[in-house]
Amino acid sequence: MILVRFVGYLFGIGAVLFLVVATGIAWYVSGLTQDLPDYDVLAKYEPPVMTRIHAADGQLIAEYARERRLYLPIQAIPDRIKAAFISAEDKNFYHHSGLDYYAIFRAMVQNVQSYGSGVRPVGASTITQQVAKNFLLTNEQSIDRKIKEAILSLRIEAAYKKDKILELYLNEIFLGLGAYGVAAASLEYFDKSVHELTLAEAAYLAALPKAPNNYNPFRHPDRALERRNWVIDRMVENGFVTAAEGEAAKAEPLGVNRRVTAPHLFAADYFAEEVRRQLAEMFGEKALYEGGLSVRTSLDPTLQVYARKALMNGLIKFDRARGYRGPVKHFEEIGEDWGKTVGEVEALSDVVEWRLAIVLESSGNGLKVGLQPGQTPGGGLDDARETATVPPSQMKWAGKRRPKVGDVIYVRKVEDAEGDVYALEQVPEIEGAIVAMDPHTGRVLAMVGGFSFAESEFNRATQAYRQPGSSFKPFVYSAALDNGYTPSSVVMDAPIEIDPGPGQEIWRPSNYSNEFYGPSTLRTGIERSRNVMTVRLAQDMGMPLVAEYARRFGVYDDLPQYLPMSLGAGETTVLRMVTGYSIIDNGGRSISPTLIDRIQNRFGETVFRHDKRICEACEAAEWQGQDEPTIIDDSDQVLDPMTAYQMVSMLEGVVQRGTATIVSRSIDKPLAGKTGTTNDYHDAWFMGFSPDLVVGVFVGYDKPRNLGRGSTGGHLAAPIWVDFMKDALKDKPAIPFRVPPGMNFIPIDRKTGLHTNASGPGVLLEAFKPGTGPPDTYSVIGYTDSLGNPLTVDPDVDRAVVSGTGGLY
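Residues numbered from 1 in each chain as written. Predicted model: local features only at pLDDT ≥ 70, side-chain atom pairs only at ≥ 80, totals over all residues. Heavy atoms only, no water.

## A few points about the pairing of strand β8 (residues 366-371)
At step 1: Most of β8 sits inside the fold, with 5 of its 6 residues counted as buried.
At step 2: Strand direction decides the pairing type here: strand β7 (residues 354-363) and β8, joined by 6 bridges, are antiparallel. Looking at the pairing, Ile358 lines up with Gly370 of β8.
At step 3: Remark: 2 residues form the turn of the hairpin made by β7 and β8, two consecutive strands paired antiparallel.
At step 4: Sheet topology note: the β8/strand β9 (residues 386-390) ladder contains 5 bridges and is antiparallel. In the sheet register, Gly370 faces β9, and the bridge partner there is Thr387. (Buried < 20%, exposed > 50% of the residue type's maximum accessible area, 1.4 Å probe, protein only. Helix = DSSP H or I, 4+ residues; strand = E, 2+ residues; numbered from the N terminus. Pairing = 2+ DSSP bridges.)

Below you can see the structure in the form of structure tokens.
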């Protein structure tokens, strides 16, 4: 009886203690659950996803992200990938309710057995628990966090399907090399999509979540291989692959092949950076780096390569003519391992045709150089050492100043009579830019903003404001033609004095030749780039009109109304100038320049489209005999179409007879353009176009200084333009410029601008608008009587005046 009472007493005490402990645990857990994060956020989860920029043909240009991630729905993830991660991380994933109790018990036993041995405790977290930790909790190592993780896992399992949980996990997990999620990791490690991965490659990715740095394929290849093979064994054990498939996969090397770093499209560096800047302005930094935007640009990869080649070759040619300036760096002592020495110098990563080299020997037979070793995938220097020869014939341009032993120089592989050798190169001091545009849409097809983006990210096509010089004159002449003047209107080319106001020197503009040529037609003025004629024309029209047309063309927002501005003294960019010329080429209709065609958000919804033209019939589901759709273009008409054609015709004359005859000598197709050179030869320009392509070239030093006597737009910028257009138009038919209906063509004397029935080289068919034509007598702009009234010249009476020999200036 006493024993029974004693047992009952103990049972009672035990029951009380159990209730106390249970109550304490319940209170403790209840306290933890009160501040648990809301797992409903998983349903609205939008992970940071990289923004991808594509060329017009779909090629990838660049990617921007803080976390390199491409989000894939579970249906798009191959079963092989799922099997690999489930085998490595949670083989019972599809069978437990969020916690794997058997795995927990097994881990507890192993941890008790290994206690005090220094071995790291074994975990038993399920994929669901990892989702709870990665999305909702921190990485804090504590019992509180583990309990919260377990509670959240049970709740997540009750609220979401297994496939959704696995989708979240496979897109969120960090897998090293800056990659988040299996899609990004597949590209980073193997340069493949997830659908192209082999069994061995999928198993390696599944080996990484545990500790990506521990299984880095470059620093710890043995560990990485061992862990990958362990995953393959688990896949065999779980029945996802056969034993034979597993053994074959384990026999393969790791095969890691890192993708090329951004930008991915060759020669597109400046273009990609300009797009990045525009996206940041339009949507903000967060949307750019985390919003998963898909951007289709206007870039034509082929034209971009042509543009880069033409500009680089032109800058190198100019720079070589000024001699060799010295090495990139000099080492007094090369050391035993010259590869390590030259490896310390950073090369221009985007000038792939060149290599850095260190001069090992110098003699009358040339240079023996050691080429900079390449880099291993892990970032170290390759062990291979390669030497080469630079013969005297490949560095003649350097003159007497030659590289010496210890100099680090750039070299380029070439073929000559001595076989494969290397040529001496140097990075030009001179800089420049080139922009190619579709004149009918404003789409920028190619843009190069300097010699090397790796050397300088400053984009001289969009960020450099320079004086366009005479390349601005077509906008002055367009304003005149649009306001009553004709191509045969005559302007006096004679000395003129402009009083800018009290306390300022009298301005006496002059022509490039420092000569004056008497009365000349507007056509002659633009073809020969006569400065004095342009000033007189602007004076006659009034600078407010010139400023208004400069604004309409988009060249200047608010041009100061001073006569020197008519000669291109104001500063603008290459892109703005190309836009202005595109309007002329587009029949006077305005265009909006763009590098971006369309932007879609992460859900595939279009959030920006450049082309605003309306085409209602384009939405038809099928063809039922209806007419071809009509696209409505409601853009502004900046110039009368006939004025635009007159200007095009006059600019054709520039390349046929004027300051840019290098164009017509080099390319036998309808082309037009205008040279531009500023005071003291600081800037050289050429703006030109075919009926369907407008291209602008600028050359100058970043800190403006004299380019040298004779460095005009026709001699420096035009050859670069020609080199580009040769490539761009080589497979294109010769299309004439489009003539608007109603235009009249009348033969005139080129010199006098008067109608003539004669024939010969001095006669041309001039374009006139209806109701206009060459006069029988004409007044000369800038030629007035003592009262300031225009004088009329009768060419049959005063031929000396018409010919410019009558002593009127």
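Back to the text.
## Notes on the pairing of strand β12 (residues 431-437)
At step 1: β12 sits mainly inside the fold: 7 of its 7 residues count as buried.
At step 2: By the alternation rule, side chains of β12 split into Glu431, Ala433, Val435 and Met437 and Gly432, Ile434 and Ala436, which are all buried.
At step 3: Summarising the sheet, β12 and strand β20 (residues 693-700) pair through 7 bridges and their orientation is antiparallel. Residue Ala436 lies in a different strand from β20, and its bridge partner there is Val695.
At step 4: Where β12 hands over to strand β13 (residues 444-448), the hairpin turn is made up of 6 residues, of which Gly442 adopts a positive phi near 80 degrees.

## Concerning the confidence of the model for the protein
At step 1: Here the protein averages 87 in pLDDT, while 85% of its residues score no lower than 70.
At step 2: With pLDDT under 50 throughout, residues 24-32 is counted as low confidence; its partners more than four residues away or in other chains account for 7 contacts.
At step 3: Contacts of residues 795-809 to residues separated by more than four positions or lying in other chains number 30 contacts, the stretch itself having pLDDT below 50. (pLDDT = per-residue confidence, 0-100. Contact = heavy atoms within 4.5 Å.)

## Looking at the pattern of salt bridges
At step 1: Counted under the stated rule, the structure contains 38 salt bridges.
At step 2: For Arg705, the salt bridge goes to Glu429, with nearest N and O atoms at 3.2 Å. Note that Arg705 is positioned in the loop between β20 and α22 (713-728) and Glu429 in the loop between β11 (419-425) and β12, a separation of 276 residues in sequence.
At step 3: Arg523 is the salt-bridge partner of Glu527, the closest N and O atoms lying 3.1 Å from each other. Residue Glu527 and its partner Arg523 are located together in helix α16 (residues 522-527), separated by 4 residues, close to a single helical turn. The residues Glu527 and Arg523 share a single accessibility class, namely buried.
At step 4: Among the ionic contacts, a cluster of salt bridges with common partners joins Arg52, Glu63, Arg68, Glu188 and Arg258. (Salt bridge = Lys/Arg side-chain N within 4 Å of Asp/Glu carboxyl O.)

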